[in-house]
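# A structural walkthrough
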Amino acid sequence: MSGAPKGLYIKTYGCQMNVYDSERMRDVLKPLGYAPVNAPEAADLVVLNTCHIREKATEKTFSELGKLKRMKEAGGGRMRIAVAGCVAQAEGDEILRRQPAVDLVVGPQSYHRLPEMIARIARETGDRLETDFAAEEKFDALPARASDGPSAFISVQEGCDKFCTFCVVPYTRGAEFSRAADAIAAEARQLARQGVKEIVLIGQNVNAWHGAPPSGDAGRGWGLGQLIRHIARIGGVERVRYTTSHPLDMDDDLIATHAEVDQLAPFLHLPVQSGSDRILKAMNRRHSAAEYLRIIEQVRAARPDIALASDFIVGFPGESERDFEATLDLVREVRFSQAYAFKYSRRPGTPAAGMDLQVDEAVKEERLARLLDLLQRQAQTFNDATVGRRLPVLFTRAGKHSDQALGYSPYMQPVHVDNGAGLIGRIAEAEIVAATMSSLTGRIVKESGTAADAASEAVA
Ligand code: SAH
Ligand code: SF4
Ligand code: F3S
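Residues numbered from 1 in each chain as written. Chains lettered and ligands numbered in written order. Predicted model: local features only at pLDDT ≥ 70, side-chain atom pairs only at ≥ 80, totals over all residues. Heavy atoms only, no water.

## What to know about the domain arrangement of the protein chain
Per the domain assignment, the segments of the protein chain are domain 1 (6–134), domain 2 (144–265), domain 3 (278–283 + 296–385) and domain 4 (390–455). Relative to domain 3, the C-alpha centre of domain 1 lies at a distance of 33 Å. With 5 residues of domain 1 in contact, the opposing surface of domain 3 contributes 4 residues. Where domain 1 abuts domain 3, roughly 420 Å² becomes buried across the two surfaces, and 41% of that area is made up of carbon and sulfur atoms. Interface area lost by domain 1 to domain 3 is led by H52, R54 and E55, which between them contribute 80%. For the pair domain 1 and domain 3, the number of links is 0 salt bridges. Applying the counting criterion to the domain 1 and domain 3 interface returns 4 residue pairs in polar contact (both at pLDDT 80 or more). For the side of domain 1 that touches domain 3, the per-class residue count stands at 1 nonpolar, 2 polar and 2 charged. (Domains from an automatic or database assignment. Contact = heavy atoms within 4.5 Å. Buried area = accessible area lost by both parts, 1.4 Å probe. Salt bridge = Lys/Arg side-chain N within 4 Å of Asp/Glu carboxyl O. Polar contact = N/O pair within 3.5 Å; in protein donor to acceptor, adjacent residues only side chain to side chain. Nonpolar A, V, L, I, M, F, W, Y, C, P; charged D, E, K, R; others polar.)

Spelled out as structure tokens, the structure:
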């Protein structure tokens, strides 16, 4: 199945799962002759990989489609437009009805079928919508993995069974599914052979991963801690990360890997959403604030220097000033290195959308500003504390200014250095000379660092 070169432009919104899916769509479309181009105007096929998590994200899909429609008309109708991702899954019929310029709609578990769908629209026959849930079939059908940098995501767990009352993900991504350890390790090896140094294991609830152990292992199903040890043993893999985790699935073995595995980066993104037990209950998070703090304590005991990140929602239905202050208290207690905070967004079809006592927009704004102010001060404090230290930085791309390189510290802080040409794709040791709340400036002191250096440095 090859053909004349055709331009492909994929625009990605939303979370790491979508970033991964966009890469895999490129892999799926490559045998058909599709190669990435830098602008939608130059593309034969434009894919919008969409996010449904908050109202604003969904609105973006429709405004972007309006722009693409005009582009398609200006080009004489040659451009094909595909909508993928979570809005496709949730509102596929609506998209086809509202925007006739869209040629096809494909959900997050169906994009391995893109080649047949494209063939069908070329013949102008058959269905233009594929939104089945078939995660297992999808992974079996995907081609070999191509890397496009020194850090790569591998999806190990898809879907969500947690049903937090505010969240659309269980509806857009379907039930939890874990890939087998062998399939994940094979993908990691393919990437390591292409020079990838950092593997990021991703999932909507990545620590709910419970997959088949590697063939030859007599044990029962594995947990994420075992998978991390297995991946860290692959030659060339110098760093491992995992994201995003749920507090309920933070088991002892996973916590222990933070003490035991040198390659595992000292960073944990563990969303808590709220510090009020009443609100946590209404959100169906199934843990209390004290239980969350207890997990943090255990993680810190395993890895004292770990950087902690989280997600917060302000203005969940029924949230009082007191509830909100409990969130601020929790933040003060944990001291995060970075965090995301969102105003609650009412999502159709979720239980919270129908709850009484929806919070005023102005109150949400005010609480968001107060929370962000605190989180930003904590981020600045965390970053300031790394000034003067030497950290191994994995350089992933060129910076804004010429000869600048941008990379990440083990703590997931962006670091830029001057005179960085030649560093991209490598780990080098940088002395941190300045910090803002969102990034660090470094100066290269040694051109090769290893994960073992990182570990000994980090506990120094
Ligand atoms: N699976 C992850 C998060 C997935 S969504 C987890 O459970 O932690 C990413 C973040 O978006 C969530 O952590 C939450 O903070 C936010 N979010 C989800 N639904 C939202 C909504 N309806 N309104 C505002 N923020 C929301
Ligand atoms: Fe959404 Fe909750 Fe599942 Fe995270 S755990 S994806 S917030 S339902
Ligand atoms: Fe958005 Fe879907 Fe991810 S709704 S956050 S792209 S799982």
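That shown, we press on.
## Examining the packing of helix α8 (residues 224–232) against helix α9 (residues 252–260)
In a packed pair of helices, the relevant descriptors are the angle between the two axes and the axis-to-axis distance. Taken N-terminus to C-terminus, the directions of α8 and α9 make an angle of 30°; their axes are 7 Å apart at the nearest point. By the criterion of interaxial angle, the relationship of α8 to α9 is roughly parallel. Contact residues: α8 offers L224, G225, Q226, I228 and R229, while α9 offers D253, L254, A256, T257 and E260. For the contact of α8 with α9, the residue count by class is 4 nonpolar, 3 polar and 3 charged. (Axes fitted to C-alpha atoms, helices over the stretch in contact; angles between N-to-C directions. Helix = DSSP H or I, 4+ residues; strand = E, 2+ residues; numbered from the N terminus. Parallel < 35°, antiparallel > 145°, perpendicular 65-115°, else oblique.)

## Points about the site of ligand 2
Every residue close to ligand 2 is listed here: C160, K162, F163, C164, F166, C167, V169, P170, Q204, N205, H246 and R285. Looking at side-chain class alone, the shell around ligand 2 contains 7 nonpolar, 3 polar and 2 charged residues. (Near = heavy atom within 4 Å.)

## So, the environment of I432
Mapping I432 onto the fold places it in strand β17 (residues 427–435). The buried category is assigned to I432, whose relative accessible area is 1%. Separated by 17 residues in the primary sequence, I432 and V415 have C-alpha atoms spaced 8.3 Å apart. I432 has contacts with T386, V387, G388, R389, L391, V415, L440, T441 and G442, leaving out every residue within four places of it along the chain. (Buried < 20%, exposed > 50% of the residue type's maximum accessible area, 1.4 Å probe, protein only.)

## Topic: the site of ligand 1
Close to ligand 1 lie 15 residues; Q204, P271, Q273, D311 and S345 are nearest. In the model, an oxygen atom of ligand 1 is placed 3.1 Å from a nitrogen or oxygen of the R54 side chain. At a separation of 2.6 Å, an oxygen atom of ligand 1 approaches a polar side-chain atom of D311. For ligand 1, the protein covers 91% of the area, taking 540 Å² as the surface of the free molecule. Among the elements of the structure, β12 (307–314) and β13 (338–343) are those that each provide at least two residues to the shell around ligand 1. By residue class, the composition of the shell around ligand 1 is 6 nonpolar, 4 polar and 5 charged. When residues of the shell around ligand 1 are assigned to domains, at least three map to each of domain 2 (144–265) and domain 3 (278–283 + 296–385). (Areas by Shrake-Rupley, 256 points an atom, 1.4 Å probe, with all protein chains shown as cover.)

## Digging into the sheet that holds β13
On the basis of which strands lie adjacent, the open sheet formed by 3 strands has the order β11-β12-β13 and parallel pairing. With one partner strand each, in any of the chains shown, β11 (267–269) and β13 form the two edges of the open sheet. When the angles between neighbouring strand axes are averaged without regard to direction, this sheet yields 10°. The sheet contact formed by β12 and β13 spans 6 bridges and is parallel. Residue pairing in the sheet places F312 in a bridge with A341 of β13. The strands touched by helix α13 (residues 361–384) are β12 and β13; relative to β13, the strand with the most contacts, the crossing angle is about 175°. (Pairing = 2+ DSSP bridges.)

## Some details on the pairing of strand β9 (residues 198–203)
Burial runs high along β9: 6 of the 6 residues are buried. Here β9 shows a buried face lined by E198, V200 and I202 and a second buried face lined by I199, L201 and G203. Where strand β7 (residues 151–158) and β9 come together, 6 bridges link them in parallel fashion. Counted as the bridge partner of I154 is L201 from β9. Where β9 and strand β10 (residues 239–243) come together, 5 bridges link them in parallel fashion. In the strand pairing of β10, I202 is matched with T243.

## Quick look at the nonpolar core
L201, I231 and Y242 are the most contacted members of the largest nonpolar core, which has 54 residues in total. Here this core spans two domains, since at least three of its residues come from each of domain 2 (144–265) and domain 3 (278–283 + 296–385). Apart from the residues lying within four places of it in its own chain, the contact partners of Y242 are L201, V206, L224, I228, M250, L254, H258, L264 and L268. By size, the runner-up hydrophobic cluster in this structure holds 26 residues, among which are L32, V47, A82 and M117. (Core = buried A, V, L, I, M, F, W, Y, C linked by side-chain atoms within 4.5 Å.)

## A few points about the environment of A183
You can see A183 is positioned in helix α7 (residues 181–193). With relative accessibility at 35%, the residue A183 sits in the partly exposed group.

## Quick look at the packing of aromatic side chains
Inspection of the entire model under this criterion finds 7 aromatic pairs. Ring geometry for F139 and F177: centres 6.4 Å apart, planes at 15°, overall stacked. One end of the pair, F139, is in helix α5 (residues 135–141); the other, F177, is in strand β8 (residues 177–178), with 38 residues separating them in the sequence. Accessibility expressed as a relative area gives 10% for F139, which makes it buried. On the numbers, 5.5 Å between centres and 70° between planes, the contact of F316 with Y344 is edge-to-face. Of this pair, F316 sits in the loop between β12 and α12 (321–334) while Y344 sits in the loop between β13 and α13; the two residues are 28 residues apart in sequence, bridging distant segments of the chain. Y344 shares its class with F316; the two are buried. Residue placement shows K6 over the ring face of Y34; its charged tip is 5.0 Å from the ring centre. Its guanidinium or amino end placed over the ring of F139, K138 lies 4.9 Å from that ring's centre, counting from NZ or CZ. (Phe/Tyr/Trp six-rings, centres within 6.5 Å; stacked < 30°, edge-to-face > 60°. Lys NZ or Arg CZ within 6 Å of the ring centre and 35° of its normal.)

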